[in-house]
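Fold and geometry: a report
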Amino acid sequence: MAENVEELKVLQPVVMKQLQTIFEKNRTGHAYIFDGEKGTGKKEIAMFFIKLLLCLNPSKNVPCETCRNCKRIETGNHPNIKQLEPDGQFIKIDQIRELISGMTKTSMEAGRKIYVLHHADRMNTSSANTLLKFLEEPEGNVTAILLTESYQSILPTIQSRCQHIKFASIPRDILLKQLQEQGITFSMASTVSMLTNNLDTAISLAHDEQFAHARKTVLKLVETVRKNVHEALFVVYEDWLLSFKEKEEIERALDLLLFAYRDIVAVKANPQSSCTYPDMLQSWKEIALHTTYDRLSDQLQAILHARQNLQRNMNRSLLMEQLMLNLQEGYTFV
Ligand SMILES: [Zn+2]
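- Per an unreviewed UniProt entry, the protein chain goes by the name DNA polymerase III subunit delta' and belongs to Ureibacillus aquaedulcis.
- Entered under Catalytic activity (unreviewed entry) in the UniProt record, the comment concerning the protein chain runs "DNA(n) + a 2'-deoxyribonucleoside 5'-triphosphate = DNA(n+1) + diphosphate".

Looking at a positive patch on the surface
- Taken together, the side chains of Lys9, Lys17, Lys25 and Arg27 define a basic patch exposed on the protein surface.
- Note that Lys17 resides in helix α2 (residues 13-24).

A short note on the sheet that holds strand β3 (residues 113-117)
- With parallel pairing, 5 strands are arranged side by side in an open sheet as β2-β3-β4-β1-β5. Taken across any chain shown, the strands that pair with only one partner, and hence form the sheet edges, are β2 (81-84) and β5 (163-166). Put simply, the sheet's adjacent strands are angled 15° from each other on average, direction ignored.
- With 4 bridges joining them, β2 and β3 adopt parallel strand pairing. Opposite Leu84, over in β3, you have Leu117 as the bridge partner.
- Across the sheet, α2 is in contact with β1 (31-35) and β5; its angle to β5 comes to roughly 145°.
- Across the face of the sheet, helix α6 (residues 125-136) comes into contact with β1, β3 and β4 (142-148) while running at roughly 155° to β3.

Observations regarding the pattern of salt bridges
- All chains considered together, the criterion is met by 13 salt bridges.
- Between Lys51 and Glu74 there is a salt bridge, with its nearest N and O atoms 2.4 Å apart. Here Lys51, found in helix α3 (residues 42-54), pairs with Glu74, found in helix α4 (residues 68-74); they are 23 residues apart in sequence, far enough to count as distant.
- Residue class for Lys51 comes out buried when judged on its relative accessible area of 2%.
- In this structure, Lys92 engages Asp87 in a salt bridge whose closest nitrogen and oxygen atoms are separated by 3.6 Å.
- When its relative accessible area of 38% is taken as the criterion, Lys92 is described as partly exposed.
- The exposure class assigned to Asp87 is partly exposed, which follows from its relative accessible area of 41%.
- By sharing partners, the salt bridges in this structure join Lys51, Glu65 and Glu74 into a single network.

Each value, and the rule that gives it
Residues numbered from 1 in each chain as written. Predicted model: local features only at pLDDT ≥ 70, side-chain atom pairs only at ≥ 80, totals over all residues. Heavy atoms only, no water. UniProt positions renumbered as here; feature names shortened; annotations may be inferred. Patch = residues over 30% accessible without salt bridge, like charges linked within 9 Å, V, L, I, M, F, W, Y side chains within 5 Å. Areas by Shrake-Rupley, 256 points an atom, 1.4 Å probe, with all protein chains shown as cover. Salt bridge = Lys/Arg side-chain N within 4 Å of Asp/Glu carboxyl O. Lys, Arg positive; Asp, Glu negative; His and termini not counted. Charge placed at Lys NZ, Arg CZ, Asp CG, Glu CD. Helix = DSSP H or I, 4+ residues; strand = E, 2+ residues; numbered from the N terminus. Pairing = 2+ DSSP bridges. Axes fitted to C-alpha atoms, helices over the stretch in contact; angles between N-to-C directions. Contact = heavy atoms within 4.5 Å. Buried < 20%, exposed > 50% of the residue type's maximum accessible area, 1.4 Å probe, protein only.

Have a look at this one:
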């Protein structure tokens, strides 16, 4: 676990410090809400915290992993730990009742009892109110850990009974690793991780055919505009304008275009840079070799300007024609 603890600290340095301090100062509360997006380590850190609280031989605010309690928690066999997941769409009132009666049974061992509510935002009102009563009058040494990806969906009365532990978004390099573990290519993972740091959103973008098409269209445009503006305009009319109709789609496509030019700037400064489009690296190097920072800066400005014009509802064909001319100007000397 030592190595694992280090990983958790990289993923959530603030949260880990918070929880270790709570343990060190012996200030364990009755209830916590772990609030963070999917993939931010809520479950793993809940497990770490539970072990820490029950470990027979903790050292430096880290559980030993070898004592009887650590082992039983790891295998899900500790009688004082209960976990609850939604039954179907909701956490039902019967589930909460059963949980409460389980927590108050005498068959439990002496010492702290802990329950974990997964997707705590999926309690309906009656479940939430039943839980609330239990949170208000906890019997004995009981600690609740509520996990949620949607803090604002939890009843304010429950929020106010719990300590709010806010998890940070995933750092890009860790998200990249997680996406590749899902079978997503490094190239695609690099691109989607520039647009979102939510694991679910990133995965669904990476599997979205329309997004793959948008990515391709944008890259085609970057390749074409430096060679021949007429050909670039052809791509605009035959592909871009037909593919991107909604304002949000155009906005995202312009962002993807912006990232391409940022890549080129980065590669020009340092050929080892991490890119939004690593699959284009050779091409970026080639372009970077034949342009200047001033021209790249003008091109980035031109894209930002097009983005503003989009917000002002400028005619979209006109907007793109203007943009192509501005982007191409960067290459007139070549
Ligand atoms: Zn232990």
